[in-house]
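Residues per chain, in single letters:
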Amino acid sequence: SPHLCFQAAMARKTVFHWGPLSALTVIVIISSTTLGVAFDNHPHYPAHARPSDWLVRVWCLIVVGILYNFFKAIYTGGGDLPLKWEPEDKAHRHSMQYCKFCQGYKAPRVHHCQTCGRCVKKMDHHCPWVNSCVGNDNHFNFFAFVTLVPIGCAISTYILLRHAVETYIFLSGRSNVVALHSWLFFLGAGLAVAMTFAVGIIAVDQIGVIRKNTTNIEDWIVQKANNRERTSPFVYPYNLGFRTNIAVQWRSFWAADGITWPTVPGTDMLTLSKEQLTQKALKRQAVRLLYVQQASRCFGLKFGWKTFIAGPFFDDNSLAVQPGDLVEVWLIRSGWAYGEKMKEEEGKQPEAVYPRQRGWFPEPCLLPPGTEGSSAPITLANVPVRDGKAVAADVSAKDSATQNGGASVQSNGVADQQQPRSAKADKRRPKLD
């Protein structure tokens, strides 16, 4: 209901969450260590170990930019579509998806975030580090944040390592206390090096997204569109060329509504929405309802090291299941199933649990306890359906899979068209409604 959507939305856009607090902790450690070096006037420290004034000033400006865009991205949010939104032209309804949680239609480039509980304009992804979605309203701030962080961390790395090495060489034989003090700077330097590369990778990804006027979610949709059988190649409607893409996104960030977008000739704003409707229909053909037989614990470690290593290591990508749970599964890869918890009510069709619980869990959870060591994994292709429900306990033993020629989720034709090229890409898949 809209009330539940509002409650879920209140849990975001705040710094009091493990993601922003963790990011702030790292920023504070690196910044305080760097400032300690920049303004340390210890009389025994060599003058050439201190950074130049102009470099410190530039670094301070970068830190201010990092903090400003960090908090701006958190408290602005991606831009929520109004609840119960409808297009002005009623004829467009049949080409748009309907969000049962927000009780309205999804405008072009709008996706529902199951973590935030709202439909977000031009949603790129949900970022736990800013505790909010990255979308139309805060994309510029997020891009500035992930761009300035590696630059600032690279400067911190230079300042800290240069000071630590030169000071340790100069004073190591004179004062053990000062020498130990120099080694403590490696903590800040180590974090600075890690953030330079880790956040730098995100910055490079965002540069590609902005250059093509796309999002990570839309890249995933286009990938599935190109992988399925088509009579003609799919044309992404919003890539207007580098310069035009930059201008369009800049105007959208500052002035536009985040709903109306120019498109390439031969397409319109509903092109991508129509493709999503087609993909949803294909996915529904591959979906099965399965009962859970075993609980998922310790990231799948109980099912072996191979399952553990192949699994997701982030809470927002995993799904905790218990015996007796009903899950809707549409993807099984590398020993892990991707699905959503459902609830049953007598006389009604199973419905999704809200707040939504969707993610990866070990595939052996769907196996009967007596067949944990079987080489015949349960698959969407060989699960029998009874009254609209596929019961995992009724799957036959390993000979069944052998007779099916090693049938897997790909054998039904429909799921194969939606499979990405790698299991890792599956686990990074953005969460959408």
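Everything that follows concerns the structure shown earlier in this document.
In this report, the structure presented in the accompanying data block is examined.

### Things to note about the overall build of the chain
When you go through the chain residue by residue, the secondary structure sums to twelve helices and 13 strands. In the chain, which comprises 433 residues, the proportion classed as buried is 51%. Once local pairs closer than 6 in sequence are excluded, the contacts in the chain between residues at least 24 apart make up 70%.

### Let's talk about the side chain of Thr34
Within the secondary structure, Thr34 is located in helix H2 (residues 18-38). Separated by 2.7 Å, the side chain of Thr34 and the backbone oxygen of Ile30 make a polar contact. With residues near it in sequence (within four places) discarded, Thr34 still touches Trp59, Ser156, Ile159 and Leu160.

### So, the environment of Gly190
Examined against the element boundaries, Gly190 turns out to sit in helix H5 (residues 176-211). Distance from Gly190 to Leu160, taken between C-alpha atoms, is 9.6 Å for residues 30 residues apart in sequence.

### Let's talk about unusual backbone geometry
Residues apart from glycine generally show negative phi values, whereas peptide bonds are mostly found in trans. In the Ramachandran plot, Lys84 falls in the positive-phi region, its phi being about 60 degrees despite a non-glycine side chain. As for its position among the elements, Lys84 is in the loop between helix H3 (53-76) and strand S1 (98-99). We classify Lys84 as exposed; its relative accessible area is 51%.

### What about a nonpolar patch on the surface?
A surface patch of nonpolar side chains, about 250 Å² in accessible area, is lined by Leu67, Phe71 and Tyr75. Turning to its location among the elements, Phe71 is positioned in helix H3.

### Some remarks on helix H7 (residues 242-254)
Along its 13 residues, H7 runs 19 Å from first to last C-alpha, staying within 8% of the 18 Å computed at 1.5 Å per residue. Turning to H7, its buried residues number three or more, namely Asn245, Val248, Gln249, Ser252 and Phe253. Projection of H7 onto a plane perpendicular to its axis shows the buried side chains occupying an angular sector of 130 degrees, all on one side. Exposed and oriented more than 90 degrees from the buried face of H7 are Arg243 and Trp254.

### Details of the packing of aromatic side chains
Within this structure, the stated rule accounts for eleven aromatic pairs. Aromatic side chains Phe140 and Phe253 sit 5.2 Å apart centroid to centroid with 45 degrees between the ring planes, which places their arrangement in the tilted category. Remark: Phe253 occurs in helix H7 and Phe140 occurs in helix H4 (residues 139-171); sequence separation between them is 113 residues. Here Phe253 falls in the buried class, since its relative accessible area comes to 17%. Grouping aromatic residues by their ring pairs yields a cluster made of Phe140, Trp250, Phe253 and Trp254. One cation-aromatic arrangement involves Lys283 over Trp330; the distance from NZ or CZ to the ring centre is 4.3 Å.

### Overview of the pairing of strand S3 (residues 110-113)
The side-chain alternation of S3 yields two buried faces, one formed by Val110 and His112 and the other by His111 and Cys113. In this sheet, strand S4 (residues 118-121) lies alongside S3 in antiparallel orientation, the contact comprising four bridges. Bridge pairing in S4 links Cys113 to Arg118. Here S3 hands over to S4 after four residues, with Gly117 in that stretch at a positive phi of 75 degrees.

### As for H3
In this model H3 runs 34 Å from its N-terminal to its C-terminal C-alpha over 24 residues, within 8% of the 34 Å that 1.5 Å per residue would give. Looking one or two places after H3, you find Gly77, whose phi comes out positive at around 80 degrees.

### Here we look at the pairing of strand S9 (residues 336-343)
Walk down a regular strand and you will see the side chains alternate between the two sheet faces. Counting buried positions along S9 yields seven of eight residues, so the element is predominantly enclosed. Between strand S8 (residues 326-333) and S9, which follow one another and run antiparallel, lie two residues, and Ser334 among them has a positive phi close to 50 degrees.

### Focus: the packing of H2 against H3
Taken N-terminus to C-terminus, the directions of H2 and H3 make an angle of 170 degrees; their axes are 12 Å apart at the nearest point. The pairing of H2 with H3 is recorded here as roughly antiparallel in orientation. Here H2 runs over H3; the crossing is left-handed. Side by side, H2 and H3 meet where Pro20, Ala23, Leu24, Ile27, Ser31, Thr34, Leu35 and Ala38 of the first sit next to Val56, Trp59, Val63, Ile66, Leu67, Phe70, Phe71 and Ile74 of the second. In terms of residue class, the contact of H2 with H3 is built from 14 nonpolar, two polar and no charged.

### With respect to the environment of Glu351
As for its placement among the helices and strands, Glu351 is situated in strand S10 (residues 351-352). Residue classification places Glu351 among the partly exposed positions, given a relative accessible area of 42%. Measuring from C-alpha to C-alpha, the distance between Glu351 and Glu340 comes to 10.0 Å, with eleven residues separating the pair along the chain. Setting aside anything within four residues of it in sequence, one finds Glu351 in contact with Lys341, Met342 and Lys343.

### Describing the packing of helix H6 (residues 216-227) against helix H8 (residues 271-286)
Put simply, H6 and H8 touch, their axes get as near as 10 Å, and they point 65 degrees apart. The way H6 lies across H8 gives a crossing that is left-handed. Note on element contacts: H8 touches H6 through Leu272, Glu275, Gln276 and Gln279, opposite Glu218, Ile221, Lys224 and Ala225. Split into classes, the residues belonging to the contact of H6 with H8 amount to three nonpolar, two polar and three charged.

### Comments concerning the nonpolar core
Counting residues in hydrophobic clusters, the biggest one holds 31 residues, and the most contacted among them are Phe70, Val130 and Phe145. Breaking this core down by element, the ones donating at least two residues are H2, H3, H4 and H5. Excluding its chain neighbours within four sequence positions, the residues that come into contact with Phe70 are Pro20, Ala23, Leu24, Trp129, Val130 and Phe145. Counting 15 residues, the second largest nonpolar core, distinct from the first, contains Met123, Ile221, Ala225 and Phe234.

What counts as what
- Residues numbered from 1 in each chain as written.
- Predicted model: local features only at pLDDT ≥ 70, side-chain atom pairs only at ≥ 80, totals over all residues.
- Heavy atoms only, no water.
- Helix = DSSP H or I, 4+ residues; strand = E, 2+ residues; numbered from the N terminus.
- Buried < 20%, exposed > 50% of the residue type's maximum accessible area, 1.4 Å probe, protein only.
- Contact = heavy atoms within 4.5 Å.
- Polar contact = N/O pair within 3.5 Å; in protein donor to acceptor, adjacent residues only side chain to side chain.
- Patch = residues over 30% accessible without salt bridge, like charges linked within 9 Å, V, L, I, M, F, W, Y side chains within 5 Å.
- Areas by Shrake-Rupley, 256 points an atom, 1.4 Å probe, with all protein chains shown as cover.
- Salt bridge = Lys/Arg side-chain N within 4 Å of Asp/Glu carboxyl O.
- Expected span 1.5 Å × (residues − 1).
- Arc of directions from axis to C-beta.
- Phe/Tyr/Trp six-rings, centres within 6.5 Å; stacked < 30°, edge-to-face > 60°.
- Lys NZ or Arg CZ within 6 Å of the ring centre and 35° of its normal.
- Pairing = 2+ DSSP bridges.
- Axes fitted to C-alpha atoms, helices over the stretch in contact; angles between N-to-C directions.
- Parallel < 35°, antiparallel > 145°, perpendicular 65-115°, else oblique.
- Left-handed = near helix turned anticlockwise from the far one by under 90°.
- Nonpolar A, V, L, I, M, F, W, Y, C, P; charged D, E, K, R; others polar.
- Core = buried A, V, L, I, M, F, W, Y, C linked by side-chain atoms within 4.5 Å.

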